[in-house]
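# A closer look at the structure
Chain by chain, the residues:
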Amino acid sequence: MIFLDPDKRVDLATAASHIGDGALLALGGGLSSRLPMALVRELVRQGRTSLHVVGSAHSMDVDLLVAAGALSICEESYVGFEQDLGLAPAYRRAAESGTITLRESCCVTILTQLRAAEMGLPFLPVRGIKGTDMRRLHPEYAETTCPFTGEVLVAVPPLIPDAALIHAPLGDLHGNLYLDKPYVLDERFAGASRAVIATVDRIVSTDELVEYGITIPAHYVQAVAEVPFGAHPASSYPNYAYDRDHMGVYVKAASKPESAAQYIEEWVMLPDGEDGYRAKLGEESLQRLTTWSESTQTWKGLFA
Amino acid sequence: MTYTFDEWFVVTLARTISDREVVFHGFGSPCAQVAMHVAKRTHAPDMLLIEGAMYAVNPNPPFIPPTGNDSSLKQGAAYSMKFEEFFDAAIRGDVDRMFLSGGQIDAYGNTNVTAVGPLEKPKVKLGGGGGGCNISATIGQLTLWTTRHRSGRTLVDKCDFITDIGHVTPAGNRAELGYTGGGPQWMVTELGVFDYDSEGRARLVEVYSDVDVDTVREATGFEFTTAADVKTVASPTCAELTIVRGIDPLGVRKSEFDPAELTRTYDHVHDPGCNC
């Protein structure tokens, strides 16, 4: 959809209020980079339930939604903390006990479905999937025969998320967003979704943003909230690196339902929301994450 | 000079890369990631190295971080692909090699990174396959690897779920499925190296110096043949070891191994390939 308001700035609570229970959400960023964590935390604070998420390879954003009981269907291509911190604890527990519906997908399939949505087409074909068990998770896929070559391909329907939650390091009041690579699927999410709900570390003038370059244009964006460290503990380069220590704190807590609930109580359900979250982390620990560009030694030291 | 098994393993992976190949590794794959940089700096200087979840082309990272999409991984790269740019290249057949692993791997090189046990109620929900389910069909060659062969649970007779395709699946072989990619060429484990025979089944060709064929058989859930002459995996050169240590000072590669494997230590023996 196209959004024409000249000023899209809202607070985080208002931004999150555009998302209803049961919404189909595209999560921006990936793994440890530009996860829409402030929006995820705010959805948990607002008690959202039955969410359905799609995307590529994700980690704490999905796991926290699962731990909070906010998620019903997961259609990400991967959820985990890589070799470093391992499997996603709450996601794994919920999948193994059947409390969430697994609809695991593949990056290429999701990309193709988003392109179908962007082009307004009823389907597009993919060349893979045949021979794998992915169709057991996706009875909605079909087969199609190429009218030119006779090749039988798997046909996948368009994917139209209700909202794409995207965190950007910089944006302007109109909702234009600058992203640092990798953009992952965010440009495609913006084109395919009904709305982009954005957070940015900092709102700058349009002139300054144009100097960086606009990755996602304002007309896709319904609302933009300025939330410093809004991706934390994921990274938001060039502003800050990911907080490996805090990810570790979360993964450890999420390993058991009781300590996962305690993490949410302690780090998410703060009466003053993100201000409280940043205050609890402390200025020193947050500033440390911004020092990555000082030297290789400093950068490497953040992850040691 | 001594070296440890993780270093030897990474060098073994690196040697599956040929010069002038376009090569990709997925996220959460530090051994493959380090291996690509070793190959690029030794025998494959003209490979096109596409850095995992950054899609950076020929970067020169100051170190390998513990996550696959930290900005350090695109340092020195003049260009980073977009996500769709990489995946388009992979599905149209412009990527020559990908590294792929799995919680389960069968004799034909099908891999499972989705779930162990019944899908409705998995015993272990694994992380998921990223883009593998499509691009394993079309990428030129696959180097499979696992660091968990010895567990007895990884190389299985039948995958509980096929996420990425090998040479033959219950739905047919690659030709029958219309797939242009060549499928698995090598499988490197912490015990040895397999290639694939004309029927697409794994065949043991090399073992590490502290491993015998019986140990490999005991740990493997499928029947396999062996090369007429099972050799010892070639040991790493000083140049290769220096590069491994230089590119991965944080030792991120070690996170893939059971701690017991990291105690395997070897004396470096000079040979003509070694520029000590």
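Up top is the structure these notes are about.
Residues numbered from 1 in each chain as written. Chains lettered and ligands numbered in written order. Predicted model: local features only at pLDDT ≥ 70, side-chain atom pairs only at ≥ 80, totals over all residues.

## Quick notes on the overall build of chain A
Within chain A, the regular secondary structure consists of 14 helices and 12 strands. Taken over the C-alpha trace, chain A has a radius of gyration of 19 Å; the compact-globule value for 304 residues is 19 Å, and the two agree within 12%. Overall, the C-alpha framework of chain A stretches about 60 × 50 × 40 Å when taken along its three principal axes. For chain A, with 304 residues in total, the buried portion stands at 55%. Pairs at least 24 apart in sequence give 74% of the contacts found in chain A among residues at least 6 apart. (Helix = DSSP H or I, 4+ residues; strand = E, 2+ residues; numbered from the N terminus. Rg over C-alpha atoms; globule rule 2.2 N^0.38 Å. Buried ≥ 20, exposed ≤ 12 C-beta atoms within 10 Å, placed from the backbone. Contact = placed C-beta atoms within 7 Å.)

## A short note on the packing of helix H6 (residues 107-119) of chain A against helix H3 (residues 83-92) of chain B
For the pair H6 of chain A and H3 of chain B, interaxial distance at closest approach is 11 Å and the crossing angle is 110 degrees. Classified by the angle between their axes, H6 of chain A and H3 of chain B sit roughly perpendicular to one another. At the point where H6 of chain A passes H3 of chain B, the crossing takes the left-handed sense. In this structure, H6 of chain A contributes Cys107, Val108 and Leu111 of chain A to the contact, and H3 of chain B contributes Glu84, Phe87 and Ile91 of chain B. (Axes fitted to C-alpha atoms, helices over the stretch in contact; angles between N-to-C directions. Parallel < 35°, antiparallel > 145°, perpendicular 65-115°, else oblique. Left-handed = near helix turned anticlockwise from the far one by under 90°.)

## Quick look at the sheet that holds strand S7 (residues 142-145) of chain A
All names here are of chain A. Across the sheet, which stays open at both edges, the 3 strands sit in the order S6-S8-S7 with antiparallel pairing between neighbours. Lying at the two open borders of the sheet, with one neighbouring strand each, are strand S6 (124-126) and S7. If you compare each strand with its neighbour and ignore which way they point, the axes differ by 50 degrees on average. Pairing analysis gives 3 bridges linking S6 to strand S8 (residues 152-156), with the strands arranged antiparallel. Looking at the pairing, proline 125 lines up with alanine 155 of S8. (Pairing = 2+ DSSP bridges.)

## Here's the deal with helix H11 (residues 257-268) of chain A
Residues and elements named next belong to chain A. With 12 residues, H11 ought to run about 16 Å at 1.5 Å a step, and its terminal C-alpha atoms sit 15 Å apart, in line with that. Those residues of H11 lying buried are Ala260, Tyr263 and Val268. Along H11, the residues classed as buried sweep out an arc of 75 degrees about the axis, all on the same side. Turned more than 90 degrees away from the buried face of H11 sit Glu258, Gln262, Glu265 and Glu266, all of them exposed. (Expected span 1.5 Å × (residues − 1). Arc of directions from axis to C-beta.)

## Regarding the packing of helix H2 (residues 30-40) of chain B against helix H7 (residues 238-247) of chain B
Residues and elements named next belong to chain B. Between H2 and H7, whose axes approach to 9 Å, the crossing angle comes to 130 degrees. In this view, H2 runs oblique relative to H7, as classed from their interaxial angle. Between H2 and H7 the crossing geometry is right-handed. When H2 is examined against H7, the residues Val34, His37 and Val38 are found in contact with a partner set consisting of Glu240, Ile243, Val244 and Ile247.

## Considerations on the interface of chain B and chain A
Often, the extent of an interface is quoted as the loss of accessible area on bringing the components together. On the chain A side, the residues contacting the 52 residues of chain B number 52 residues. Listing elements by their share of the side of chain B that touches chain A, those giving two or more residues are H3 and helix H4 (132-135) of chain B. Tallying contributions element by element places H3 of chain B first for the side of chain B that touches chain A, with 4 residues.

## Here we look at helix H5 (residues 89-97) of chain A
Residue and element names in this part refer to chain A. Among the 9 residues of H5, 7 are classified as buried, and the element is accordingly described as predominantly covered. Within H5, the full set of buried residues consists of Pro89, Ala90, Tyr91, Arg92, Arg93, Ala94 and Ala95. Just downstream of H5, glycine 98 is the residue with a positive phi angle, here 75 degrees.

## Observations concerning the sheet that holds strand S16 (residues 202-207) of chain B
Residue and element names in this part refer to chain B. Pairing is mixed across the open sheet formed by 10 strands, whose spatial order is S5-S4-S3-S2-S6-S11-S14-S15-S16-S17. Each of the sheet's edge strands pairs with one partner strand only, and the pair in question is strand S5 (79-80) and strand S17 (225-232). Where strand S2 (residues 22-25) lies against strand S6 (residues 97-100), 3 bridges are found, and the strand directions are parallel. Note on S6: the bridge partner recorded for phenylalanine 24 is methionine 98.

## Details of the pairing of strand S12 (residues 221-226) of chain A
Residue and element names in this part refer to chain A. Of all 6 residues in S12, 5 are buried; the element is thus mostly enclosed. With 5 bridges connecting them, strand S11 (residues 196-203) and S12 associate as parallel partners. When the sheet's bridge partners are listed, isoleucine 197 is paired in S12 with alanine 223. With respect to chirality, the unit in which S11 leads through helix H9 (residues 206-212) into the neighbouring parallel S12 is right-handed. (Right-handed = clockwise from strand over helix to strand, strands pointing away.)

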